[in-house]
Amino acid sequence: MGEKKKLSMATWIFMGLVAGIAVGFAFIGHADAAEKYVKPFGTLFLNLIKFIVVPIVLCSIISGVISLGDIKKIGSIGIKTIAYYLCTTAVAVVIGLLLANVFKGFFVQISTTELKYAAKQAPSFIDTIINIFPRNIIEPMSSAMMLQIIVIAIFTGFGIILAGEKGRMAAEVVHSFNEVSMQIMGMIIKLSPVGVFCLIVPVVAKNGPAVLGSMAMVLLVAYIGYIFHMFFIYSLSVKFLAKLSPVEFFKKMMPAIVMAFSSASSVGTLPLNMECTQKLGAKKEIASFVLPLGATINMDGTAIYQGVCTIFIASCYGISLTLGQQLVVILTATLASVGTAGVPGAGMIMLAMVLQSVGLPTEGIALVAGIDRIFDMGRTTVNITGDAACTVVVSHLENK
């Protein structure tokens with residue numbers, strides 16, 4: 001008798017997702033029960049992941065900087081990463097706009113007479129720059145402000161390198177804590193199938209009717225954009241820039257993709273994404289730097305969503321956007337992805353900025369806000385897949 005083949009974690013997580021969707025449909029009409037009895041366990045799982053994210057990002061980036069051992073190399077990785085993220089975000093908005101224009105005639109017109117939505121104010125460009133640099137070491141960690149944590153980690157890593165022999169002990173402590181964080185993460189990841197199940201049930205129970213109703217077409221167009229960008233743009237970039245088979249890329253990324261879809265949290269998926277990219281051959285020190293940065297500033301999925309929702313909201317108000325206005329949308333959404341980096345609810349703030357840039361009422365956000373979570377699941381999946389694609393590309397380019 002041969003030994004029974006163990007199911008992979010990706011398979012378990014996928015089974016959790018499918019079971020969760022099925023149970024969610026059974027709960028339609030009883031969404032309160034799902035929120036009350038099932039959701040808390042999903043929240044508990046997410047809390048565990050968020051608790052380990054800060055130590056992992058902090059220790060792994062410091063560890064990565066020390067391993068690279070060269071301050072100039074960090075600059076080279078940073079420039080390649082940001083260039084990749086800006087280019088793919090611009091392409092993503094274009095895809096969203098093109099699809100929305102093609103399918104515009106199929107959108108159900110929703111009345112805009114009773115809309116109310118208070119858009120959060122986006123920080124100014126100068127404020128964004130200032131907010132990247134922490135004024136103390138504790139606050140960014142307690143609030144999980146990823147950009148600030150990255151800055152703390154980079155400066156600490158530089159300090160250890162420059163301290164030379166005297167910094168060796170600090171380096172060993174960091175490497176040790178990094179290993180401990182990874183082991184804790186391993187324990188938490190084993191709970192993923194249950195976590196995914198508990199997160200998805202209340203979402204399906206609550207949004208089921210809306211998904212099948214008037215918003216179905218807008219969601220469908222957004223998801224066509226998400227899928228096209230993921231399987232076409234990322235496949236091309238990993239094939240030609242990282243010399244990696246797209247099939248292998250998506251196969252090994254599956255655990256992170258399913259996790260992102262059910263949790264709708266880029267930061268929550270970060271530990272699993274690090275594991276997946278290293279299995280794809282990305283260098284650990286590069287993954288530790290590129291992925292946390294991507295979880296904060298790379299918003300390809302959000303950019304597709306901006307494009308589709310802008311055209312949909314405009315059509316509900318009976319407005320047709322000119323080509324010039326659509327170019328403004330592309331530019332605003334690309335810059336806003338970096339400008340709102342790390343701000344909670346960044347997707348909604350970005351959409352408000354995009355609507356304002358072309359003179360559309362921000363109240364229109366209320367049309368899509370009700371099922372934002374369904375959009376968000378796809379957005380997050382695209383975002384983290386883009387982070388991973390960038391990681392393998394930058395890792396390959398640095399090896400050359």
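As the structure is a prediction and not an experimental result, all values here were calculated from the model.

Participant: Can you tell me about the overall build of the protein, naming the residues and giving the values?
Facilitator: Assigned secondary structure in the protein consists of 18 helices and zero strands. Taken over C-alpha atoms, the radius of gyration comes to 21 Å for the protein, in line with the 21 Å a tight globule of 400 residues would show. Each principal axis of the C-alpha atoms in the protein carries an extent, and together these give about 70 × 60 × 40 Å. When burial is assessed residue by residue, the protein has 52% of its 400 residues classed as buried. Of the contacts made within the protein by residues no fewer than 6 positions apart, 84% connect residues no fewer than 24 positions apart. Here the protein has roughly 18000 Å² of accessible surface; of this, 69% comes from carbon and sulfur atoms. Positive and negative side-chain charges in the protein, numbering 27 and 19 respectively, have mean positions lying 5 Å apart.

Participant: I'd like a description of the packing of helix 10 (residues 216–241) against helix 14 (residues 300–316), backed by residues and values.
Facilitator: If you want to describe how two helices pack, look at the angle between their axes and the distance between the axes. The N-to-C vectors of helix 10 and helix 14 enclose an angle of 145 degrees; their axes lie 9 Å apart at closest approach. Seen along the crossing, helix 10 lies across helix 14 with a hand that is right-handed. On the side of helix 10, the interface is formed by Val218, Val221, Ala222, Gly225, Tyr226, His229 and Tyr234, while helix 14 contributes Asp300, Gly301, Ile304, Tyr305, Val308 and Phe312. The residue makeup of the contact of helix 10 with helix 14, split by class, is nine nonpolar, three polar and one charged.

Participant: Requested: an account of the nonpolar core, with residues and values cited.
Facilitator: With 120 residues, the main nonpolar core has Phe249, Met253, Phe289, Phe312 and Phe375 as its most contacted residues. If one sorts the elements of this core by residue count, helix 3 (residues 39–68) sits on top with 14 residues. The residues contacting Phe312, other than those within four sequence positions of it, are Phe107, Val108, Ile110, Met215, Val218, Leu367 and Val368. Listed in part, the six residues of the second largest apolar core include Ala31, Val38, Cys198 and Val201.

Participant: Give a detailed account of a nonpolar patch on the surface, specifying residues and quantitative values.
Facilitator: Residues Phe125, Ile126, Ile129, Ile130, Phe133 and Phe155 make up a contiguous nonpolar surface patch of about 680 Å² in total accessible area. It is helix 5 (residues 125–132) that provides the largest number of residues to the nonpolar patch, a total of four residues.

Participant: Give a description of the pattern of salt bridges that names residues and reports values.
Facilitator: Evaluation of the coordinates by the stated rule reveals eight salt bridges. Lys80 is paired through a salt bridge with Glu398; the nearest N and O atoms lie 2.7 Å apart. One end of the pair, Lys80, is in helix 4 (residues 71–103); the other, Glu398, is in helix 18 (residues 372–399), and 318 residues separate them in sequence. Accessibility expressed as a relative area gives 29% for Lys80, which makes it partly exposed. One salt bridge in this structure joins Arg168 and Glu172, with 4.0 Å as the shortest N-O distance. You can see Arg168 and its partner Glu172 sitting in helix 8 (residues 168–189), four residues apart, about one turn around the helix. Salt bridges here are not isolated pairs; linked through shared partners, they connect Glu165, Arg168 and Glu172.

Participant: So, the side chain of Ser395: which residues are in play, and what are the values?
Facilitator: Position of Ser395 among the secondary structure elements: in helix 18. Excluding its chain neighbours within four sequence positions, the residues that come into contact with Ser395 are Gly281, Ala282, Lys283 and Ile286.

Participant: Go over the packing of helix 4 against helix 13 (residues 284–297) with me, naming the residues and quoting the values.
Facilitator: One can describe the packing of helix 4 onto helix 13 by two numbers: an axis separation of 11 Å at closest approach and a directional angle of 35 degrees. Here helix 4 and helix 13 pass one another in a crossing that is right-handed. Each of Ile74, Ile77, Gly78, Thr81, Ile82 and Tyr85 in helix 4 lies in contact with helix 13, whose residues at this interface are Ile286, Phe289, Val290, Leu293, Gly294 and Ile297. Tallied by class, the residues present in the contact of helix 4 with helix 13 amount to nine nonpolar, three polar and no charged.

Participant: Report on helix 13, specifying residues and quantitative values.
Facilitator: What sets the pattern is the α-helix's 3.6 residues per turn: residues three or four places apart point alike. Between its first and last C-alpha, helix 13 extends 20 Å over 14 residues, near the 20 Å set by a 1.5 Å rise per residue. The buried fraction of helix 13 is high, at 12 of 14 residues.

Participant: Tell me about the packing of aromatic side chains, and please be specific about residues and values.
Facilitator: According to the stated counting rule, one finds eight aromatic pairs in the structure shown. Relative to Tyr85, the ring of Tyr84 lies with its centre 6.3 Å away and its plane at 75 degrees, an arrangement referred to as edge-to-face. You can call Tyr84 buried: its relative accessible area is 10%. Members of the aromatic cluster, joined through ring pairs, are Phe231, Phe249 and Phe250.

Participant: Account for the confidence of the model for the protein, with residues named and values stated.
Facilitator: Taken as a whole, the protein shows an average pLDDT of 87; of its residues, 93% reach a score of 70 or greater. Across the protein, the secondary-structure element scoring lowest on mean pLDDT is helix 5, at 79, and the one scoring highest is helix 10, at 95.

Participant: For unusual backbone geometry, give the residues involved together with the corresponding values.
Facilitator: Although it is not a glycine, Lys243 adopts a positive phi angle of roughly 50 degrees. At Ala264, a position not held by glycine, the phi torsion is positive, near 50 degrees. Examined against the element boundaries, Ala264 turns out to sit in the loop between helix 11 (246–263) and helix 12 (266–279).

Rules used in this analysis
- The residue numbering used here restarts from 1 in each chain and proceeds along that chain's sequence as written.
- Two thresholds apply to this predicted model, a pLDDT of at least 70 for residue-level local features and 80 or more for giving and counting side-chain atom pairs, whereas whole-chain, interface and lining totals are computed over all residues.
- Note: side-chain values were computed over all heavy atoms of the structure, leaving out hydrogens and water.
- Secondary structure elements are taken from DSSP: a helix is a run of H or I of four residues or more, a strand is a run of E of two residues or more, and numbering for both begins at the N terminus.
- What the globule rule says is 2.2 Å times the number of residues to the power 0.38, and the radius of gyration is computed from C-alpha atoms.
- Between buried and exposed lies partly exposed: a residue is buried under 20% and exposed over 50% of the maximum accessible area for its type, with that area taken using a 1.4 Å probe on protein chains only.
- When checking whether two residues touch, look at their non-hydrogen atoms; a contact exists if any pair is within 4.5 Å.
- Areas reported here follow the Shrake-Rupley algorithm with a probe of radius 1.4 Å; residue values treat only the protein chains shown as occluding.
- We count Lys and Arg on the positive side and Asp and Glu on the negative side, and we leave His and both chain ends out.
- Positions of charges follow a simple convention, taking NZ of Lys, CZ of Arg, CG of Asp or CD of Glu.
- Helix axes are fitted to C-alpha atoms over the stretch in contact, other axes to C-alpha atoms as well, and angles between N-to-C directions run from 0 to 180 degrees.
- Handedness of a crossing follows from how the near helix is turned relative to the far one, being left-handed for an anticlockwise turn of less than a right angle and right-handed for a clockwise one.
- Polar here means any residue other than Ala, Val, Leu, Ile, Met, Phe, Trp, Tyr, Cys and Pro, which are nonpolar, and Asp, Glu, Lys and Arg, which are charged; Gly is therefore polar.
- Working definition of a nonpolar core: buried Ala, Val, Leu, Ile, Met, Phe, Trp, Tyr and Cys residues. They are joined through side-chain atoms within 4.5 Å.
- Like charges within 9 Å and nonpolar side chains (Val, Leu, Ile, Met, Phe, Trp, Tyr) within 5 Å are joined into patches, using only residues over 30% in relative accessible area that form no salt bridge.
- Salt bridge, as applied in this entry: a Lys or Arg side-chain nitrogen positioned within 4 Å of an Asp or Glu carboxyl oxygen.
- To estimate how far a helix should extend, the number of its residues minus one is multiplied by 1.5 Å.
- To pair, rings of Phe, Tyr and Trp, with the six-membered ring standing in for Trp, must have centres within 6.5 Å; the planes then decide the type, stacked if under 30 degrees apart, edge-to-face if over 60, and tilted in the middle.
- For every residue, the predictor reports its confidence as pLDDT, a number between 0 and 100.

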